[in-house]
There are 2 protein chains.
Amino acid sequence: MDIRKAVYMMKEKAQQMASSDPELRNGALRAVKKCLLQNKAKIFEANEEDLRAAAENQVPVQVQKRLTFDEKKLQDVTAGIDQLILLPDPVGKIQMKRELDADLVLTRITVPIGVIGVIFEARPDALVQISCLCIKSGNCAVLKGGKETAATNRVLFDLIHNAVIAAGLPAECLYQAENHTQIEELLSCDDCVDLLIPRGSNKFVRYIMDHTKIPVMGHADGVCHIYVDADADFDTALRVIADAKTQYPVACNAVETVLVDRKIAGKFLPLFNKEMKDCGVRIYGTEETTAVTGCERMAEPEDFHKEYGDLEITCALVDGVKGAAAHINRYGSHHTDAIITENDETAAFFFHMVDSAGVYRNCSTRFADGYRYGFGAEVGISTSKLHARGPVGLEGLVTYKYLLEGSGQTVGDYASGRKQFRHRDLPFRSK
Amino acid sequence: MDIRKAVYMMKEKAQQMASSDPELRNGALRAVKKCLLQNKAKIFEANEEDLRAAAENQVPVQVQKRLTFDEKKLQDVTAGIDQLILLPDPVGKIQMKRELDADLVLTRITVPIGVIGVIFEARPDALVQISCLCIKSGNCAVLKGGKETAATNRVLFDLIHNAVIAAGLPAECLYQAENHTQIEELLSCDDCVDLLIPRGSNKFVRYIMDHTKIPVMGHADGVCHIYVDADADFDTALRVIADAKTQYPVACNAVETVLVDRKIAGKFLPLFNKEMKDCGVRIYGTEETTAVTGCERMAEPEDFHKEYGDLEITCALVDGVKGAAAHINRYGSHHTDAIITENDETAAFFFHMVDSAGVYRNCSTRFADGYRYGFGAEVGISTSKLHARGPVGLEGLVTYKYLLEGSGQTVGDYASGRKQFRHRDLPFRSK
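Residues numbered from 1 in each chain as written. Chains lettered and ligands numbered in written order. Predicted model: local features only at pLDDT ≥ 70, side-chain atom pairs only at ≥ 80, totals over all residues. Heavy atoms only, no water.

### Comments concerning the relation of the copies chain A and chain B
And then number 1: Mapping chain A onto chain B calls for a screw motion: a turn of 180° about the axis and a shift of 0.0 Å along it, with 0.0 Å RMSD after fitting. What the superposition gives is, in effect, a two-fold axis relating one chain to the other. Of every C-alpha in chain A, the one belonging to A:His387 sits nearest the axis of rotation, 1.8 Å from it.
And then number 2: A shared interface surface links the copies, since 100% of the contact residues of chain A are contact residues in chain B too. (Least-squares fit on C-alpha atoms with pLDDT ≥ 70 in both. Contact = heavy atoms within 4.5 Å.)

### With respect to empty space enclosed by the protein
All names here are of chain B.
And then number 1: What the rule picks out here adds up to 3 cavities of 30 Å³ or more.
And then number 2: Empty space within the largest cavity amounts to approximately 70 Å³.
And then number 3: Sorting the residues of the lining of the largest cavity by element identifies helix 1 (3-18) and strand 2 (104-112) as the ones contributing at least two each.
And then number 4: No other element matches the 3 residues that helix 1 contributes to the lining of the largest cavity.
And then number 5: Class assignment for the residues of the lining of the largest cavity results in 6 nonpolar, 2 polar and 4 charged. (1 Å grid on protein atoms, 1.4 Å probe; cavity = no way out; pocket = protein on both sides within 12 Å on 5 of 7 lines; lining within 4 Å. Points joined across faces, edges and corners; volume = space filled by probe spheres on them. Helix = DSSP H or I, 4+ residues; strand = E, 2+ residues; numbered from the N terminus. Nonpolar A, V, L, I, M, F, W, Y, C, P; charged D, E, K, R; others polar.)

### Side note on the nonpolar core
And then number 1: One finds B:Leu36 and B:Phe272 to be the most contacted residues of the largest nonpolar core, which totals 114 residues.
And then number 2: Leaving out residues up to four positions away in the same chain, B:Phe272 has contacts with B:Leu238, B:Ile241, B:Val258, B:Ile283, B:Ile313 and B:Cys315.
And then number 3: Ranked by size, the runner-up nonpolar core spans 113 residues in total, among them A:Leu36, A:Phe120, A:Val260 and A:Ile340. (Core = buried A, V, L, I, M, F, W, Y, C linked by side-chain atoms within 4.5 Å. Buried < 20%, exposed > 50% of the residue type's maximum accessible area, 1.4 Å probe, protein only.)

### A short note on the packing of helix 3 (residues 40-56) of chain A against helix 7 (residues 150-166) of chain A
All names here are of chain A.
And then number 1: Running from amino to carboxyl end, helix 3 crosses helix 7 at an angle of 160°, the nearest separation of the two axes being 7 Å. For the element pair helix 3 / helix 7, the angle class is roughly antiparallel. Judged by the twist between their axes, the crossing of helix 3 over helix 7 is left-handed. Across from Lys-42, Ile-43, Ala-46, Asn-47, Glu-49 and Asp-50 in helix 3, the residues of helix 7 making contact are Ala-150, Ala-151, Thr-152, Val-155, Leu-156 and Leu-159.
And then number 2: Tallied by class, residues from the contact of helix 3 with helix 7 come to 7 nonpolar, 2 polar and 3 charged. (Axes fitted to C-alpha atoms, helices over the stretch in contact; angles between N-to-C directions. Parallel < 35°, antiparallel > 145°, perpendicular 65-115°, else oblique. Left-handed = near helix turned anticlockwise from the far one by under 90°.)

### Remarks on the sheet that holds strand 2 of chain B
Adjacent strands of a sheet pair through backbone hydrogen bonds, lying either parallel or antiparallel.
And then number 1: Read from one edge to the other, the open sheet built from 11 strands follows the order 10(A)-9(A)-11(A)-8(A)-7(A)-12(A)-13(A)-16(B)-2(B)-1(B)-17(B), with strand pairing classed as mixed. A single partner strand is all that each edge strand has here, and the edge strands are strand 10 (297-298) of chain A together with strand 17 (424-425) of chain B.
And then number 2: Across 5 bridges, the pairing between strand 7 (residues 224-228) of chain A and strand 8 (residues 255-261) of chain A is parallel. Bridging across to strand 8 of chain A, A:Cys224 finds its partner in A:Val255.
And then number 3: In the packing of helix 13 (residues 320-331) of chain A onto the sheet, contacts are made with strand 7, strand 8, strand 11 (312-318) and strand 12 (336-340) of chain A, and the angle to strand 7 of chain A comes to roughly 170°. (Pairing = 2+ DSSP bridges.)

### A closer look at the pattern of salt bridges
All names here are of chain A.
And then number 1: On inspection of all chains with the given rule, the structure shows 60 salt bridges over all chains.
And then number 2: Among the salt bridges present, the one from Lys-263 reaches Asp-261, with a minimum N-O distance of 3.6 Å.
And then number 3: A relative accessible area of 67% places Lys-263 in the exposed class.
And then number 4: Classification of Asp-261 as buried rests on a relative accessible area of 2%. (Salt bridge = Lys/Arg side-chain N within 4 Å of Asp/Glu carboxyl O.)

### Thoughts on the sheet that holds strand 4 (residues 140-144) of chain A
Residue and element names in this part refer to chain A.
And then number 1: Strand order in the open sheet formed by 4 strands is 5-4-3-6, with parallel pairing between adjacent strands. Unpaired on one side and paired on the other, strand 5 (174-177) and strand 6 (195-199) mark the two borders of the sheet. In this sheet, neighbouring strand axes are inclined to one another by 15° on average, regardless of whether the strands run parallel or antiparallel.
And then number 2: As paired strands, strand 3 (residues 115-120) and strand 6 are joined by 5 bridges and run parallel to one another. Opposite Gly-117, over in strand 6, you have Leu-196 as the bridge partner.
And then number 3: Sheet strands in contact with helix 1 (residues 3-18) are strand 3, strand 4 and strand 5, and its direction is about 150° off that of strand 4.
And then number 4: Here helix 6 (residues 124-136) sits on the sheet in contact with strand 3, strand 4, strand 5 and strand 6, set at roughly 170° to strand 3.

### Some points on the packing of aromatic side chains
Residue and element names in this part refer to chain B.
And then number 1: On inspection of all chains with the given rule, the structure shows 26 aromatic pairs over all chains.
And then number 2: Aromatic pair Tyr-400 and Tyr-402: ring centres 5.6 Å apart, planes at 80°, arrangement edge-to-face. Grouping residues by exposure puts Tyr-400 and Tyr-402 together as buried.
And then number 3: Here the guanidinium or amino end of Arg-297 rests over the ring plane of Tyr-284, the centre of that ring lying 3.7 Å away. (Phe/Tyr/Trp six-rings, centres within 6.5 Å; stacked < 30°, edge-to-face > 60°. Lys NZ or Arg CZ within 6 Å of the ring centre and 35° of its normal.)

### Brief notes about the side chain of A:His387
And then number 1: By the secondary structure assignment, A:His387 is in the loop between strand 14 (380-382) and strand 15 (390-392).
And then number 2: A distance of 2.9 Å separates a polar side-chain atom of A:His387 from the backbone oxygen of A:Gly396.
And then number 3: Within the local environment of A:His387, its side chain forms a polar contact with the backbone nitrogen of B:His387, the two atoms lying 2.9 Å apart.
And then number 4: Ignoring any residue separated from it by four or fewer positions in sequence, one finds A:His387 in contact with A:Ile113, A:Met217, A:Gly396, A:Val398, B:Leu386, B:His387 and B:Tyr400. (Polar contact = N/O pair within 3.5 Å; in protein donor to acceptor, adjacent residues only side chain to side chain.)

### Quick notes on the pairing of strand 2 (residues 104-112) of chain A
Residues and elements named next belong to chain A.
And then number 1: Counting buried residues along strand 2, 8 of its 9 residues qualify, which places the element largely inside the surrounding structure.
And then number 2: As paired elements, strand 1 (residues 94-101) and strand 2 share 6 bridges and run antiparallel to each other. What sits directly across from Arg-98, in strand 2, is Leu-106.
And then number 3: Relative to strand 16 (residues 398-409), strand 2 is paired through 8 bridges, and the arrangement is antiparallel. Of the residues in strand 16, the one forming a bridge with Arg-108 is Tyr-402.

### Looking at the environment of B:Arg25
Residues and elements named next belong to chain B.
And then number 1: Tracing the backbone through its elements, the reader meets Arg-25 in helix 2 (residues 22-38).
And then number 2: For the pair Arg-25 and Val-164, spaced 139 residues apart in sequence, the C-alpha to C-alpha distance is 8.4 Å.
And then number 3: For Arg-25, the contacting residues outside a window of four places in its chain are Met-17, Ser-20, Asp-89, Val-91, Ile-135, Lys-136, Ser-137, Gly-138 and Leu-169.

### Considering the environment of B:Ala53
Residue and element names in this part refer to chain B.
And then number 1: Examined against the element boundaries, Ala-53 turns out to sit in helix 3 (residues 40-56).
And then number 2: A relative accessible area of 34% places Ala-53 in the partly exposed class.
And then number 3: For the pair Ala-53 and Thr-149, spaced 96 residues apart in sequence, the C-alpha to C-alpha distance is 9.3 Å.

### Observations regarding the confidence of the model for chain A
And then number 1: On average, residues of chain A carry a pLDDT of 94, and 100% of them reach 70 or more.
And then number 2: Model confidence for the complex: the whole-complex pTM is 0.92, and ipTM, which rates the interface, is 0.93. (pLDDT = per-residue confidence, 0-100.)

### Concerning the interface of chain A and chain B
And then number 1: Taken together, the contact between chain A and chain B spans 73 residues of the former and 73 residues of the latter.
And then number 2: Of the roughly 6,200 Å² buried where chain A meets chain B, counting both sides, 57% is carbon and sulfur surface.
And then number 3: A per-residue breakdown of the area chain A buries against chain B is headed by A:Leu386, A:Tyr402 and A:Val411, which together make up 11% of the total.
And then number 4: The interface formed by chain A and chain B holds 8 salt bridges in total. (Buried area = accessible area lost by both parts, 1.4 Å probe.)

### A word on the pairing of strand 6 (residues 195-199) of chain B
As a general feature of sheets, a regular strand has side chains that alternate between the two faces.
And then number 1: Here strand 6 of chain B lies mainly inside the structure; 5 of its 5 residues are buried.
And then number 2: Residues B:Leu195, B:Ile197 and B:Arg199 point to one face of strand 6 of chain B and B:Leu196 and B:Pro198 to the other, with burial holding for every one of them.

### Details of the packing of helix 2 (residues 22-38) of chain A against helix 5 (residues 71-86) of chain A
Residues and elements named next belong to chain A.
And then number 1: Two numbers describe how helix 2 lies on helix 5: the axes approach to 10 Å, and their chain directions differ by 165°. With respect to helix 5, the axis of helix 2 lies roughly antiparallel. The crossing of helix 2 and helix 5 is left-handed. In this structure, helix 2 contributes Asn-26, Leu-29, Arg-30, Val-32, Lys-33, Leu-36 and Leu-37 to the contact, and helix 5 contributes Leu-74, Thr-78, Ile-81, Asp-82, Leu-84 and Ile-85.
And then number 2: Of the residues that constitute the contact of helix 2 with helix 5, the class distribution is 8 nonpolar, 2 polar and 3 charged.

This is how it looks when you write it as structure tokens:
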């Protein structure tokens, strides 16, 4: 089917999906889980086909790993579905209730965003995770997965779609796009699609952001910093930097630049150098840092903007916390940045002055994650400042509407002064 | 000064502005009020100059009215400043506090958005209102007013700017752009400007939305509907429609289309026709409605998408509330739409199925307004679904950040299972 037509039909059904009973949506999630478990042989078989093709096409081994959908991945996604079912319904929550005047009551209530387009590279488990988040939050979703796992995606989507329909949700609530050309078409559906969520490389996300009028939630870059203050505990600094760089270097919340207070350069840099060497991390330094301790190569100006995604790190000196905040706001990507200090005042200054979704003290930047924040599941991490910032869970998939119930009131009466507003907040129980 | 340079310097100061004491910001607002009152002769003189030029350039009388800044407007804006001072500080509110593990505490706190670009046509009072909203919420603002009130804007801006600086806020927190060419430059500052708020005609807002990568808050269209259900009280229907159409026809929340349940067409349309005639409103009808009651002219297909901003209204028949919701979701602008019915079930269906920022029952669409909702002041009305929807007050000018305070925790310990997350919500007092 033409994707425009599919999205248009989805839009027509979006309000029905939005008003569906939460128990129906949870039932659909239970059905999805059951269906995936019952048909796992079929899923694994399709995935093996994808992996064979990837090997033939000499896809890098690191990427091949991400394409894999095996027993372990199945366990992860079904555990995620269980968690999602237990989470409270994000839809229909009352956010305010105000009597504007007698018999004129304003209520603000959460509603699903509507139609969400999800475009992702690789990782077939993302297809399961994101479609389940959309179902839980009453949204309709158009899904376009990477061509490297086309066979796996097709099987997964069909299983999920059939389970959801059998559970009683409208067939139009999910649609899978399979051709690459459909991405361009989807990007032009700004009259029907309310939000796009791209998941993939920086280049890919940037491309999506630059080629659509639809609002995009996500992050193109993750240039995270750790600033080691003059009042830092050095053991803490070394342990946290090692974790933030090496625990999973490909992640967007891995650290890319270490800033060191100029006052402690002579003491800290040799220890840092040794720690990085022990972890197999290559340091790119400035003239100053190199003079103290040496480095793999000199940092180029563009290194300060770079997300390595590998065992590489930039190192530079700054003048105290003020210099650190200025550097981070200028070169960072407003994702997650940390200070290592024992000084409460310095930490408070850093918390105020660093303009990032996550600002940390004495812990690893790798904590920036929906699961670790206790959100149960995440759609992704947003570096935008509007709507949702940082790790985005179900809350980021809903918006609100204002309901006003009256008894024939007209604005003319208030404009003329015949009537006055009361503006009295009423008690309410958010379900 | 080059606007890019000005915005860049503003961005550098944005965190200082964001961390400013709320009492300092309120003090600045008090100073602004005092300064405007003390220099009112100067303001009125500049405004007379603008009005003379407007009359010479044969600007329509309706528009000339909007350009006026007189004693009445001064009273309105200073009353607005008084209200703003009394409102609680929107910055630094704790939204969640969660112990992820021992000594690892996550806090979500509201922060200003940062640098806001405000581009408006005419209405010099908007300059005062919006700059004061930005000061109250700790944001920096670039302001570009319409050329028709260039003299008034210059005087108002200088008074506000000087008052704010004297009160102790950074000089870079406000900047006025005066040349039309600077709009293009401002639209290209997506690395420094966090949000654009355009205020003006539909065409103008649409132009801004289509020519920038910066997120835009506002509404291009206001095509509001009133649906008269079979179970409507006819007196209520006629009174509400007359108010929604005629009380201020230029407003975005005025009604443009009336939908009538086909079942009551024969009874209701003649009454509606008479009421509209009495109010001087021209009806554009369909073949069906015209057969019952006549009309000014037949409605063209594009009339259903049209915001008249004048004493004109489209009228069509639909099949019950289901047909009404489908029509509104298809042709409306997701702004504000009302049902007139005495039937609770029908109203509930309408509330669920209409996908608009405001969904009303038995009252005028003209209530969609920050002041009437009790928000004290408004930046504008948003028809976007993300971030802020409907009338936007101070709440729409803030975002949040996550602060994480630890004691050396690394993600490796949790990934390996050596440590477990607690995810225990802590009590907090939002200031």
